[in-house]
Amino acid sequence: MRITLGRPDLANYSTRFDVPPASPTSPLTVAWGGVTTLLLDDGGSAVMTDGFFSRPSLLTVAARPLRSSRARIDAGLSRLGVDRLEAVVPVHTHYDHAMDSAEVARRTGARLVGGTSAALIGRGHGLERVEVVGSGEPVTAGTYDITLIEGSHCPPDRFPGSITAAVVPPARASAYRCGEAWSMHVRHRPTGRALLIVGSAGYVPDALAGLRADVVYLGVGQLGLQPQSYLTEYWAQTVRMVGARRVVLTHWDDFFRPLDKPLRALPYAADDLDVSIAVLTRLAADDDVALHLPTLWRRDDPWS
């Protein structure tokens, strides 16, 4: 981590929180629950990435084993209007993505879908409905066709490698190793709408070749610490590769802060959202792509 004080001021980007909100007739909506927790819902069928609502403090993460907060999970699901899910899909298995995934799946009757690392989290939590998939292997969940494509975590990965034993809570943050870092392609069968979710600001060259998506929810955690050439190639390998016309940035919020307090950006010591937005704004303008920040809890229609 850099020794740099302060953090970006979100007030400078107030006009970016302008993803088109859903209307009563929107056939498919997306709602953001912080970091890379996203709810896709068409009114009859819903899936969620991550489901990370506990958000323990930095002191707790550093000093103690972690256990999900059922009260915070219930509050998050309530704010999103969720009682049933078809699937919960962690985009990778660091604690700030997958710590609550098994408990969210249990509370909503969902399958936990992911690689072997996610499965070991599910089994350590006593979850029975666990589905292991490989990269590029399509999965059906309700009205959604989901394909996970293995990518790469943005450097540095502080807990690299795969989980090799069941993670039984309470467990240290270091037990939640990265595992597979997925990009998640979702196609909504009734409408044909397509969405790409990139959970970590890493990429594997040409891994997404041949896929198409109208909208990308693009993880930018730690992206602002990378060389500008990295940001340019990340954009090319994700947004440009799938031909998206709208991009919504995620994983910029301070996940040590609970969701009942106003959101703030990660500190400069951990990331630099100012750099990310400056570079991505230029790239988006070059490609005539709309660039947004999401509004917490609100159901949006990014295809409208």
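In the block above lies the structure referred to throughout.
Residues numbered from 1 in each chain as written. Predicted model: local features only at pLDDT ≥ 70, side-chain atom pairs only at ≥ 80, totals over all residues. Heavy atoms only, no water.

## Focus on the environment of Ala-31
Spelled out, the test is: Numbering of helices and strands runs from the N terminus, with a helix taken as a DSSP run of H or I at least four residues long and a strand as a DSSP run of E at least two residues long. Every residue pair with non-hydrogen atoms within 4.5 Å of one another is taken to be in contact.
Along the chain, the position of Ala-31 falls in strand S1 (residues 29-32). Along the sequence, Ala-31 and Ile-121 sit 90 residues apart, while their C-alpha atoms lie 25 Å from each other. Those residues within four positions of Ala-31 in sequence are excluded, and the remaining contacts are Thr-37, Leu-38, Leu-39, Leu-80, Trp-297, Arg-298 and Arg-299.

## Side note on the pattern of salt bridges
As a working rule, side chains carrying opposite charge can pair if their charged atoms are close by. As a reminder, the rule being used: Salt bridges, as used here, are contacts in which a Lys or Arg side-chain nitrogen is within 4 Å of a carboxyl oxygen on Asp or Glu.
Tallying each qualifying case throughout the model produces 15 salt bridges. Between Arg-7 and Asp-254 there is a salt bridge, and its shortest N-O distance comes to 3.1 Å. On the criterion of sequence distance, the pair formed by Arg-7 in the segment before S1 and Asp-254 in the loop between strand S12 (246-250) and helix H7 (273-287) is long-range, its members being 247 residues apart. Between Arg-189 and Asp-145 there is a salt bridge, with its nearest N and O atoms 3.0 Å apart.

## Overview of the packing of helix H2 (residues 70-80) against helix H4 (residues 101-108)
A pair of packed helices can be characterised by two numbers: the angle between their axes and the separation between those axes. Counted only if it meets this: Axis definition: a line fit to C-alpha positions, over the contact stretch in the case of helices; interaxial angles, taken between N-to-C directions, run 0 to 180 degrees. Should an angle fall under 35 degrees it is called roughly parallel, over 145 degrees roughly antiparallel, and 65 to 115 degrees roughly perpendicular, with every other angle called oblique. Crossing handedness is read from the near helix: turned anticlockwise from the far helix by less than a right angle, it gives a left-handed crossing, and turned clockwise, a right-handed one. Side-chain classes follow a simple rule in which Ala, Val, Leu, Ile, Met, Phe, Trp, Tyr, Cys and Pro form the nonpolar group, Asp, Glu, Lys and Arg form the charged group, and the remainder, Gly included, forms the polar group.
Contact geometry of H2 with H4 gives a least axis separation of 11 Å together with a crossing angle of 60 degrees. What the angle tells us is that H2 and H4 run oblique. Once H2 is placed against H4, the crossing between them reads as right-handed. Within the contact between the two elements, H2 uses Arg-70, Ile-73, Asp-74 and Leu-77 and H4 uses Glu-103, Val-104, Arg-107 and Thr-108. Its residues placed into classes, the contact of H2 with H4 shows three nonpolar, one polar and four charged.

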